[in-house]
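Fold and contact review
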2 protein chains.
Amino acid sequence: MTPIALDRLITLISKLPGIGKKSASRIVYHILDGESTYARILAEELTALHQSIFRCGICGGFTETDPCPICSDPNRDHSVICVIERAQDLRIIEESREFNGVFHVLGGLIAPLEGISPGNLAIGTLLARLGGPACRDRVREIILALNPTVEGDTTALYLQKILKDFPVEVTRLASGLPVGGDLEYTDRLTISRSFRGRVKV
Amino acid sequence: MTPIALDRLITLISKLPGIGKKSASRIVYHILDGESTYARILAEELTALHQSIFRCGICGGFTETDPCPICSDPNRDHSVICVIERAQDLRIIEESREFNGVFHVLGGLIAPLEGISPGNLAIGTLLARLGGPACRDRVREIILALNPTVEGDTTALYLQKILKDFPVEVTRLASGLPVGGDLEYTDRLTISRSFRGRVKV
């Protein structure tokens, strides 16, 4: 017999990705053991989340202003569009500080078994950006930053085919050994890809 | 560049136990991708948490009523008190459906290096319960359900010594091989304990 409010919160939290019943319980007791200020602020931020954050009309990333800071930044290279699966991929790429172009969120990958066809993805809006008024410069390169998975490969192939008719270069992120990785613990496919994509040193 | 509200929520959530920056980010994007109803309900439950849940005046467990449902349940055996470290241990023991007595939350374990001495624990209130008015029946057994760690052992020894002057039996949970465990992957100490605590079959 545990308080019902506790159980309700544990059930809610265990629905989050990567959190099971045990972790949820640990989290709730941690919040309960701690200052009530933390729970209050967390609740406020959660309430504000959907109110203050929406999707950018151009790239589809999460933003507090429309267009988003990246799409409206004159210092970014608007002639290079990096195509990503989900809005959260943007954060990871931004943190690498390797890319200074703009983004386009597909909103998923082609996965026929899960019923996701090209029609479900933001491909039409991507094509509209090629020379459309939303892009300041003529787009010269599209970088497909899709996961090296079956779905990622399928989507990349599809986009490659579609984009062939446009005067734009299409590239894809290199696939190979992760930095700090170990050949011994690398799977066969990754090794074969890193061979095919080997570079001159 | 990601929305500031997102970063604030990710920082908040990454303070929870077992959740790093990456998981926090995954969780926040999951909430953002989903229905706003979920975030609203989660926020409401978090706000209500500290208001509706407090500690039972008798056992120290979390409760919505004082005394808690267990302490006020006439069908439980009030002559057996199970001593636990933290309020969350109560849930795990209740789920085993093995115990029908009442509980006592110590609020920690003796750990001199961390500055936790017996004076910081709810030991005085435990002694007051032995025959005090809060317990319906005379207490005949105290089960120490403390972790089989150095701190748990120290605390168990201390309580054993203190309780020697009271007409009460003191027991401790058996320590040994976990069910479904494998000898090969069991540490030396656990094996030695399971030998010492071996039972006739």
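Notes on the structure in this doc start here. In this text the structure is predicted, and so the values were computed from the model without any measurement. (Residues numbered from 1 in each chain as written. Chains lettered and ligands numbered in written order. Predicted model: local features only at pLDDT ≥ 70, side-chain atom pairs only at ≥ 80, totals over all residues. Heavy atoms only, no water.)

Each side of the interface is counted separately: chain B has 53 residues, and chain A has 54 residues. The contact between chain B and chain A buries some 5,100 Å² in all, and 69% of this surface belongs to carbon and sulfur atoms. Between chain B and chain A we count six salt bridges in total. One salt bridge in this structure joins Arg8 of chain B and Glu45 of chain A, with 2.8 Å as the shortest N-O distance. Our enumeration of links across chain B and chain A arrives at 20 residue pairs in polar contact (both at pLDDT 80 or more). Of all the secondary-structure elements, those providing two or more residues to the side of chain B that touches chain A are helix 1 (4-13), helix 2 (21-33), helix 3 (36-52), strand 2 (62-63) and helix 4 (87-96) of chain B. Top contributing element to the side of chain B that touches chain A by residue count: helix 3 of chain B, with 12 residues. (Contact = heavy atoms within 4.5 Å. Buried area = accessible area lost by both parts, 1.4 Å probe. Salt bridge = Lys/Arg side-chain N within 4 Å of Asp/Glu carboxyl O. Polar contact = N/O pair within 3.5 Å; in protein donor to acceptor, adjacent residues only side chain to side chain. Helix = DSSP H or I, 4+ residues; strand = E, 2+ residues; numbered from the N terminus.)

Here the focus is the relation of the copies chain B and chain A. Mapping chain B onto chain A calls for a rotation angle of 179 degrees and an axial translation of 0.0 Å; the resulting RMSD is 0.1 Å. Here the two chains are linked by the operation of a two-fold rotation axis. Every residue of chain B has its C-alpha some distance from the rotation axis, and the shortest such distance is that of Ala43 of chain B, at 2.0 Å. (Least-squares fit on C-alpha atoms with pLDDT ≥ 70 in both.)

It is worth spelling out the pattern of salt bridges at this point. With the rule as written, the count across this model stands at 16 salt bridges over all chains. A salt bridge links Arg55 of chain B to Asp33 of chain A; its shortest N-O distance comes to 3.0 Å. Here Arg55 of chain B is found in strand 1 (residues 54-55), whereas its partner Asp33 of chain A is found in helix 2 (residues 21-33) on a different chain. For Arg55 of chain B, a relative accessible area of 39% translates into the label partly exposed. (Buried < 20%, exposed > 50% of the residue type's maximum accessible area, 1.4 Å probe, protein only.)

This part is about the sheet that holds strand 4 (residues 101-105) of chain B. All names here are of chain B. The strand order across the open sheet formed by four strands is 4-3-5-6, and the pairing between neighbours is parallel. The open sheet terminates on both sides in strands that have one partner only, identified here as strand 4 and strand 6 (169-172). Taking each pair of neighbouring strands and ignoring which way they run, the sheet shows an average axis angle of 25 degrees. Pairing of strand 3 (residues 77-84) with strand 4 involves five bridges; the strand directions are parallel. Across the sheet, residue Val83 finds its bridge partner in strand 4, namely His104. Together, strand 3, strand 5 (141-145) and strand 6 form the strand contacts of helix 6 (residues 150-163), whose direction differs from that of strand 6 by roughly 170 degrees. (Pairing = 2+ DSSP bridges. Axes fitted to C-alpha atoms, helices over the stretch in contact; angles between N-to-C directions.)

Turning our eyes to something else, we now look at the packing of helix 3 (residues 36-52) of chain A against helix 1 of chain B. With their axes 10 Å apart at the nearest point, helix 3 of chain A and helix 1 of chain B run at an angle of 150 degrees to one another. Seen from above, helix 3 of chain A lies across helix 1 of chain B with left-handed handedness. Note on element contacts: helix 1 of chain B touches helix 3 of chain A through Ala5, Leu6, Arg8, Leu9, Leu12 and Ile13 of chain B, opposite Tyr38, Ile41, Leu42, Glu45, Leu46, Leu49 and Ser52 of chain A. (Left-handed = near helix turned anticlockwise from the far one by under 90°.)

Below, the discussion takes up the pairing of strand 5 (residues 141-145) of chain A. It is a general feature of regular strands that their side chains alternate between the two faces of the sheet. All names here are of chain A. Where burial is concerned, most of strand 5 is hidden: five out of the five residues are buried. Burial of the side chains of strand 5 extends over both faces: Glu141, Ile143 and Ala145 are buried on one face and Ile142 and Leu144 on the other. Relative to strand 5, strand 3 (residues 77-84) is paired through five bridges, and the arrangement is parallel. Within the sheet, the bridge partner assigned to Ile81 lies in strand 5 and is Ile142. Bridge count for strand 5 against strand 6 (residues 169-172) is four bridges, and the pairing is parallel. From the neighbouring strand, Ile143 faces strand 6, where its bridge partner is Thr171. Taken together, strand 5, helix 6 (residues 150-163) and strand 6 form a β-α-β motif whose crossover is right-handed. (Right-handed = clockwise from strand over helix to strand, strands pointing away.)

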